[in-house]
Amino acid sequence: MKTTPILACASLAAAVSAFVIPQARDTASNSSTTINDTAILNLALTLEHLESAFYSGALSTFTADDFTNDGLPVWARGRFEQIASHEQAHVQLLTSTLGSSAVQSCNYSFPYTSPSSFAALAQVLSGVGVAAYAGAAQYLTNKDYISTAASILATEARHASWIAGPVNKANPWSGPYDTPLTFNSAYTLGAQFITSCPSSNPSLPVKSFPSLTLSNTTLGQVSVVTAGNNVTVEGQYVAFFSGLSTTFVQVQNGQIIIPSNGMGTSYAVLTSGNSSAVDSSITAGVVVLQFPYDSTGGSETNARMDMVEDMM
């Protein structure tokens with residue numbers, strides 16, 4: 001792993017680990033809408049609309065030559081076209097299921113400037129889609145909806161693995177379990193790309209958290225923690241979600257030490273305690289973290305070599 005100077009390590013609290021599944025509140029503070037099957041499917045549809053617009057927009061912007069000239073494999077654009085059609089199918093299915101209650105597509109702004117930056121963001125968004133379905137599944141009551149959501153989740157996971165592995169030469173998975181995210185955490189990650197929505201869209205029982213920034217995301221190293229909206233960070237905890245495990249690190253002197261056990265994709269939020277990371281206790285977030293590792297679980301440098309060798 002890359003190294004940076006360690007500052008005041010002795011004064012920083014040790015990490016506390018727990019095996020928990022992030023849970024959402026029954027309702028969000030900014031809405032009287034109850035979290036029921038319709039609300040859950042509409043949150044899923046909100047993210048599917050976003051993904052559909054993301055892929056179709058990039059494919060209409062960049063040609064096949066643009067993809068290969070930017071260093072992406074010759075077959076990458078064709079597969080992205082297939083993903084785009086999958087996302088549109090997900091939109092159509094959820095819209096048909098919800099009928100007149102379905103949310104409509106919004107206006108979006110995505111910060112990609114090239115096929116490679118599009119592919120990098122696709123890796124993040126596909127992972128968020130998997131995390132959102134995994135986190136919401138426990139709240140569905142209609143068995144037909146559960147089967148439908150599971151089918152979509154499986155396809156989203158295949159997208160995420162393909163984009164991370166063959167396309168971006170990164171880890172195709174992060175361990176034996178994917179990471180479930182709470183409703184608000186998943187929405188926070190998606191909402192940053194939404195510029196406006198139709199006023200006729202039904203209210204969703206979700207909200208966006210204030211921003212959270214970590215100055216350094218290197219395993220075992222010191223990171224300065226800052227949050228938006230004048231959120232106090234001192235004494236609070238940064239919770240790191242990885243699979244079904246959550247690691248809590250207390251903020252002292254505005255700093256934490258990044259846990260040394262991260263592998264692949266993790267998510268971090270600021271929370272008021274070290275025993276749970278439910279939506280009601282999360283005060284800022286969400287940070288997406290990437291911790292590369294090779295086929296033997298080795299270092300970032302070895303991971304880069306392993307990824308090259310895998311393509312030979």
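See the structure above.
From a predicted model like this one, the values you see are computed outputs, not experimental measurements. (Residues numbered from 1 in each chain as written. Predicted model: local features only at pLDDT ≥ 70, side-chain atom pairs only at ≥ 80, totals over all residues. Heavy atoms only, no water.)

1. Concerning the packing of helix H1 (residues 37-61) against helix H5 (residues 143-167)
Stated precisely, the cut-off is as follows: Orientation is described by axes fitted as lines to C-alpha atoms, over the contacting stretch for helices, and by angles from 0 to 180 degrees between their N-to-C directions. For helices the rule is a DSSP run of H or I covering at least 4 residues; for strands it is a run of E covering at least 2, with both sets numbered from the N terminus onward. In these notes the angle categories are as follows: under 35 degrees is roughly parallel, over 145 is roughly antiparallel, 65 to 115 is roughly perpendicular, and the rest is oblique. Note on convention: near helix rotated counterclockwise from far helix by under a right angle means a left-handed crossing. Clockwise means right-handed. Pairs of residues are marked as contacts when any of their non-hydrogen atoms sit within 4.5 Å.
It is at 13 Å that the axes of H1 and H5 come closest, and there the two elements cross at 30°. Here H1 lies roughly parallel to H5, going by the angle between them. The way H1 lies across H5 gives a crossing that is left-handed. Of H5, the residues touching H1 (which contributes Asp37, Leu41, Glu48, Glu51 and Tyr55) are Tyr145, Ile152, Glu156 and Ile163.

2. Section: the state of the cysteines
Structurally, a disulfide amounts to a covalent bond that connects the sulfur atoms of two cysteines. The test is simple: We call a pair of cysteine sulfur atoms a disulfide when they lie within 2.5 Å. Exposed residues in this analysis have more than 50% of their type's maximum accessible area, buried residues have under 20%, and partly exposed residues fall in between, with area computed by a 1.4 Å probe over protein chains only.
This structure, assessed with the given rule, holds one disulfide. In this model Cys106 forms its disulfide with Cys197; the gap between the sulfur atoms is 2.0 Å. Its torsion about the S-S bond being 100°, the disulfide of Cys106 and Cys197 is classed as right-handed. Taken together, the residues Cys106 in the loop between helix H3 (76-98) and strand S2 (107-108) and Cys197 in the loop between strand S3 (194-196) and strand S4 (212-214) connect sequence positions 91 residues apart. With relative accessibility at 10%, the residue Cys106 sits in the buried group. With a relative accessible area of 40%, Cys197 lands in the partly exposed category.

3. Some words on the side chain of His90
Put simply, the test is: Distance and chemistry together define a polar contact, namely a pair of N or O atoms within 3.5 Å, with one atom able to donate a hydrogen and the other to accept it when in protein, and with adjacent residues in sequence counting only for side-chain atoms on both sides.
Mapped onto the fold, His90 is located in helix H3. Among the polar contacts made by the side chain of His90, one reaches the side chain of Glu48 at a distance of 3.3 Å. Apart from residues lying up to four places away in sequence, His90 is in contact with Glu48, Ile152, Thr155 and Glu156.

4. Focus on the sheet that holds strand S5 (residues 222-227)
What counts is decided by this rule: A pair of strands is considered paired only if DSSP assigns at least 2 bridges between the two.
The strand order S4-S5-S8 describes an open sheet built from three strands, whose pairing is antiparallel. The two strands at the open ends of the sheet, each matched to only one other strand, are S4 and strand S8 (255-257). Pairwise comparison of adjacent strand axes, ignoring direction, gives a mean angle of 30° for this sheet. For S4 and S5, the ladder comprises three bridges, and the chain directions are antiparallel. Each residue of the ladder has a partner; that of Thr213, found in S5, is Thr226.

5. Details of the environment of Tyr55
With respect to the helices and strands, Tyr55 occurs in helix H1. Setting aside residues up to four positions removed in sequence, Tyr55 forms contacts with Phe80, Ile83, Ala84, Glu87, Phe118, Ala122, Ser126 and Ile163.

6. Describing H1
Residue pairs three or four apart in sequence face the same way in an α-helix, which turns once every 3.6 residues. Basically, it comes down to this: What a helix should span is 1.5 Å times the count of its residues minus one.
Between its first and last C-alpha atoms H1 spans 36 Å; for 25 residues at 1.5 Å apiece the expected length is 36 Å, and the two agree. For H1, the buried fraction is high: 20 of the 25 residues fall into the buried class. Regarding H1, its N-cap is Asn36, as a side-chain oxygen of that residue lies 3.2 Å from the backbone nitrogen of Thr38 further along.

7. Regarding the environment of His49
By secondary structure assignment, the location of His49 is in helix H1. A relative accessible area of 10% places His49 in the buried class. In the structure, His49 is positioned 42 residues away from Val91 in sequence and 6.2 Å away in space, judged by C-alpha atoms. Excluding its chain neighbours within four sequence positions, the residues that come into contact with His49 are Val91, Val103, Gln104, Ser105 and Tyr108. Polar contacts involving the side chain of His49 include one to the main-chain carbonyl oxygen of Val103, which spans 3.2 Å.

8. Observations concerning the pattern of salt bridges
Using the following cut-off: Here, a salt bridge means any Lys or Arg side-chain nitrogen found within 4 Å of an Asp or Glu carboxyl oxygen.
Inspection of every chain in the model, using the stated rule, returns one salt bridge. Among the ionic pairs, Glu81 bridges to Arg77, the shortest N-O distance being 2.4 Å. Residue Glu81 and its partner Arg77 are both found in helix H3; the two are separated by four residues, about one turn of the helix. A relative accessible area of 15% means that Arg77 is categorised as buried.

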